[in-house]
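# Examination of the molecular architecture
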Amino acid sequence: MTLEIKRVTSGYIKEVPVLRDVDLTARAGALTAIIGPNGAGKSTLLKTIYGYLHPSAGDILHHGKSITGLKPDQMLGEGIAHLIQGHSVFPAMTVQENLELGGWVIKHDQKVLNAALAEVFDHYPLLREKRKMVAGALSGGEQRMLEIARLTMTRPRTILIDEPSVGLMPMLVDTVYEEIVKLKKQGFTILIVDQKVHKALDVADYIYVLRLGQNSHRGPREKFAGGIEEIIKEWI
Amino acid sequence: MELSIFIQLLVLGLVRGSMYALMGVGLSLIFGIMEIVNFAHGELFMIGCYLMYFVAAMLGLPFPVGIVASGMGLLIVGIILERGLISTLRQKAGRDWLMDSFVLTIGLMVIFQNLALITFGAIQRGIPNLVSGQMTIRGVVFIYDHLVILGVALMTVGVLWYFIKSTSLGKAIRATSQHSEAAQTLGIDTGKMYAIAFGIGAALAGIAGALLITLFPANPNAGMGPVLKSFVVVILGGLGNVKGAVAAGILVGLLEAFAMFFLAGGWQNVIVTSIVVAVLVFKPAGLFAPAGERP
């Protein structure tokens, strides 16, 4: 079991918890999707896992080790990467500088860093070609690719992905999901939140449905094959 | 115009400009990464003046020691201010903290000025020169002090440039200024980057204060003139644009030197201020803003 969220209660103000007693397990090497209507607490859950918010109750374990209370900048060191919502390249820096910063936590070992860079370039030949370009000059889809590639520099075990299709042209959404599937094939454990329910369902191995800050449904994708429309109707 | 006069004005302009650049770069660096307008920047300059006076005049140590002491001293002061006050404010004040940061730095300005007044009194404490003497080459006078100021300023900007462009810490600072949330997810301690950047900005003001002690003797209000000039530089160069601040600083220095020669005294301010107004109206991102680029 890679990432385990155990009866977590969390929110922005202590008196008003957004999440109540949420349980979730992201299985190693699998793609787990969290879906739910607006305000269900999906993004709050990601923020809580990554240390932007601290749970008032419950525990979060990564490979058996509690990561509750750690700060966001400590997470990558624990092997958890986070693709945040919206564009997140450093626009005035080159593609290569962006990737090198992805290796910030391994920067003390130049050899390891160079090897990581070479490996990422092997996976993303386009980025090698454009490594001297400033990231801001890349197309929207290329920037997303760079953001994803940048997260793999340190070979984290788990990648959290928040709304990967927000702000992208419909055509690019497919490309981004192809990249995410590739990540899964490379063996990363992935936890994804997306408003585009059907897109997430297509690629997910395991699905959690949140509603009003609590667990509502869960199960492998097959279980949802026919029933997802019913669940969505419930939201409305 | 005779060539010798032209070159003389060029030299004077460069000396002035290098100082404006040093002050402007510090202010711009701080704004670029933290979005704080540091109204107390002139008081950091003032503390640099006093440190220089203390080391060079009172302890009688060689002036380069004074410059290094001012730089290091202000680096520490800057880091303490950021860690102690600004980051606390950022964490406590929430979304409106930027407005609060204005009030904070204005408050710091008043406090530092009055602390200096109580401690040192309203006396000017200057040093007649760093290196006495001058030389004349083909009718152009080179005052040794001016050459020291120009040389140290250019070296400082050069070192800063290398640091920001090529070291991994410098890159992390730039990354934080371009996308702090993304920098944080990559394991960069953004709070630390803010403190370092603020410290460096303060150190640049301190070095400027130390260098200019022969022209601006240490006194509680020593920073008020330079800070106004650095705001001019930052507006012309583009807020947060470090490269632009260097160029704008030198431009303002040259403009002033030539205006003071050809026009009656005081017109240099009119010209520079008019340009500021024009830039704010027609090119609010600054004269040297490449599309979409920040430091």
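Here, the structure is the one placed above.
A count of helices and strands for chain B gives 11 helices and two strands. Its C-alpha radius of gyration of 19 Å places chain B within 12% of the 19 Å reference for a compact globule of 295 residues. Counting only C-alpha atoms and orienting by the principal axes, one finds that chain B spans roughly 60 × 45 × 35 Å. The proportion of buried residues among the 295 residues of chain B is 51%. Sequence-distant contacts, at least 24 apart, represent 77% of the contacts inside chain B between residues at least 6 apart.

Let us look at the overall build of chain A. Looking only at helices and strands, one finds 10 helices and 10 strands in chain A. Taking 18 Å as the expected radius of gyration for a compact globule of 236 residues, we find that chain A reaches 18 Å, a close match to that expectation. Considering only C-alpha atoms, chain A reaches an extent of 50 × 35 × 30 Å along its principal axes. Split into buried and exposed, the 236 residues of chain A put 42% on the buried side.

Bringing the sheet that holds strand β9 (residues 206-211) of chain A into the picture now. Residues and elements named next belong to chain A. Across the sheet, six strands lie side by side as β6-β7-β8-β3-β9-β10; this open sheet has mixed pairing. Here the strands that pair on one side only, and so sit at the sheet edges, are β6 (80-83) and β10 (214-220). Strand-to-strand twist in this sheet, taken as the mean axis angle between neighbours without regard to direction, amounts to 15°. Examined bridge by bridge, strand β3 (residues 31-35) and β9 share four bridges and lie parallel to one another. Opposite I35, over in β9, you have V209 as the bridge partner. Contacts between helix α7 (residues 170-185) and the sheet are confined to β3, β7 (158-162) and β8 (189-193), with β8 contributing the most and set at about 150° to the helix.

With that settled, consider the interface of chain B and chain A. One frequently used descriptor of interface size is the decrease in accessible area upon assembly of the parts. Each partner contributes residues to the interface: chain B has 19 residues there, and chain A has 18 residues. Contributing elements (two or more residues each) for the side of chain B that touches chain A: α6 (168-178) and α7 (180-185) of chain B. When residues of the side of chain B that touches chain A are assigned to their parent elements, the largest contribution, six residues, is made by α6 of chain B. When grouped by side-chain class, the residues that make up the side of chain B that touches chain A number five nonpolar, eight polar and six charged.

The next subject is the nonpolar core. All names here are of chain B. Within the largest apolar cluster, 154 residues are counted, with the highest numbers of intra-cluster contacts made by C49, A197, F198, A208, L211 and V233. With 16 residues, helix α1 (residues 3-34) is the single largest residue contributor to this core. Filtering out sequence-adjacent residues up to four positions away, L211 remains in contact with M19, I67, I149, V152 and A153.

Looking now at the sheet that holds strand β2 (residues 19-26) of chain A. Ordered by their spatial adjacency, four strands build an open sheet running β2-β1-β4-β5 (chain A), and the pairing between neighbours is antiparallel. Single-partner strands in this sheet number two, and they are β2 and β5 (65-66) of chain A.

Turning to the pairing of strand β1 (residues 134-137) of chain B, a few remarks are in order. With four bridges connecting them, β1 of chain B and strand β2 (residues 140-143) of chain B associate as antiparallel partners. Its bridge partner being in β2 of chain B, I137 of chain B is matched across the sheet by V140 of chain B.

Turning next to unusual backbone geometry. Residues and elements named next belong to chain A. Even without glycine at this site, R155 takes up a positive phi of about 50°. Position of R155 relative to the elements: it lies in the loop between α6 (140-151) and β7. The class of R155 is partly exposed, set by 16 C-beta atoms lying within 10 Å. If you check the backbone angles, L212 has positive phi at about 50° while not being a glycine.

Okay, the packing of α1 of chain B against helix α5 (residues 144-166) of chain B next. Residues and elements named next belong to chain B. As a packed pair, α1 and α5 sit with axes 9 Å apart at the nearest point and diverge in direction by 40°. When the axes of α1 and α5 are compared, the pair comes out oblique. Crossing hand, α1 versus α5: left-handed. Every residue of α5 that contacts α1 at V11, L14, V15, S18, M19, A21, L22 and V25 is listed here: H146, I149, L150, A153, L154, T156, V157 and L160. Taken together, the residues of the contact of α1 with α5 break down into 13 nonpolar, three polar and no charged.

The subject of this paragraph is the pairing of β6 of chain A. Residues and elements named next belong to chain A. Residues of β6 alternate between two faces, with I80 and H82 on one and A81 and L83 on the opposite face, all of them buried. Where β6 lies against β7, four bridges are found, and the strand directions are parallel. Following the sheet pairing, H82 is matched in β7 by L160.

Turning our attention to the environment of G170 of chain B. All names here are of chain B. For G170, the position within the fold is in helix α6. Spatially, the C-alpha atoms of G170 and S274 are 35 Å apart, while their sequence positions differ by 104 residues. Ignoring sequence-local partners within four residues, the contact set of G170 consists of F163, I164 and K165.

Bringing the environment of M19 of chain B into the picture now. Residue and element names in this part refer to chain B. Locating M19 in the fold gives a position in helix α1. Under the C-beta neighbour-count criterion, M19 is labelled buried, with 29 such atoms within 10 Å. Residues M19 and L204, 185 residues apart in the sequence, show an inter-C-alpha distance of 9.8 Å. Discounting residues that sit within four places of it in the chain, M19 has contacts with I149, A153, A208, L211 and L212.

Moving on: the packing of helix α10 (residues 242-262) of chain B against helix α11 (residues 267-282) of chain B. Residue and element names in this part refer to chain B. In the contact formed by α10 and α11, the axes pass within 8 Å of each other and the chain directions differ by 140°. Between α10 and α11, the angle falls in the class oblique. Crossing angle aside, the handedness with which α10 passes α11 is right-handed. Taken together, the residues of α11 that come into contact with α10 (itself represented by V252, L255, E256, A259 and M260) are W267, Q268, I271 and V272. Split by residue class, the contact of α10 with α11 holds seven nonpolar, one polar and one charged.

Definitions and limits used
- Residues numbered from 1 in each chain as written.
- Chains lettered and ligands numbered in written order.
- Predicted model: local features only at pLDDT ≥ 70, side-chain atom pairs only at ≥ 80, totals over all residues.
- Helix = DSSP H or I, 4+ residues; strand = E, 2+ residues; numbered from the N terminus.
- Rg over C-alpha atoms; globule rule 2.2 N^0.38 Å.
- Buried ≥ 20, exposed ≤ 12 C-beta atoms within 10 Å, placed from the backbone.
- Contact = placed C-beta atoms within 7 Å.
- Pairing = 2+ DSSP bridges.
- Axes fitted to C-alpha atoms, helices over the stretch in contact; angles between N-to-C directions.
- Nonpolar A, V, L, I, M, F, W, Y, C, P; charged D, E, K, R; others polar.
- Core = buried A, V, L, I, M, F, W, Y, C linked by C-beta atoms within 7 Å.
- Parallel < 35°, antiparallel > 145°, perpendicular 65-115°, else oblique.
- Left-handed = near helix turned anticlockwise from the far one by under 90°.

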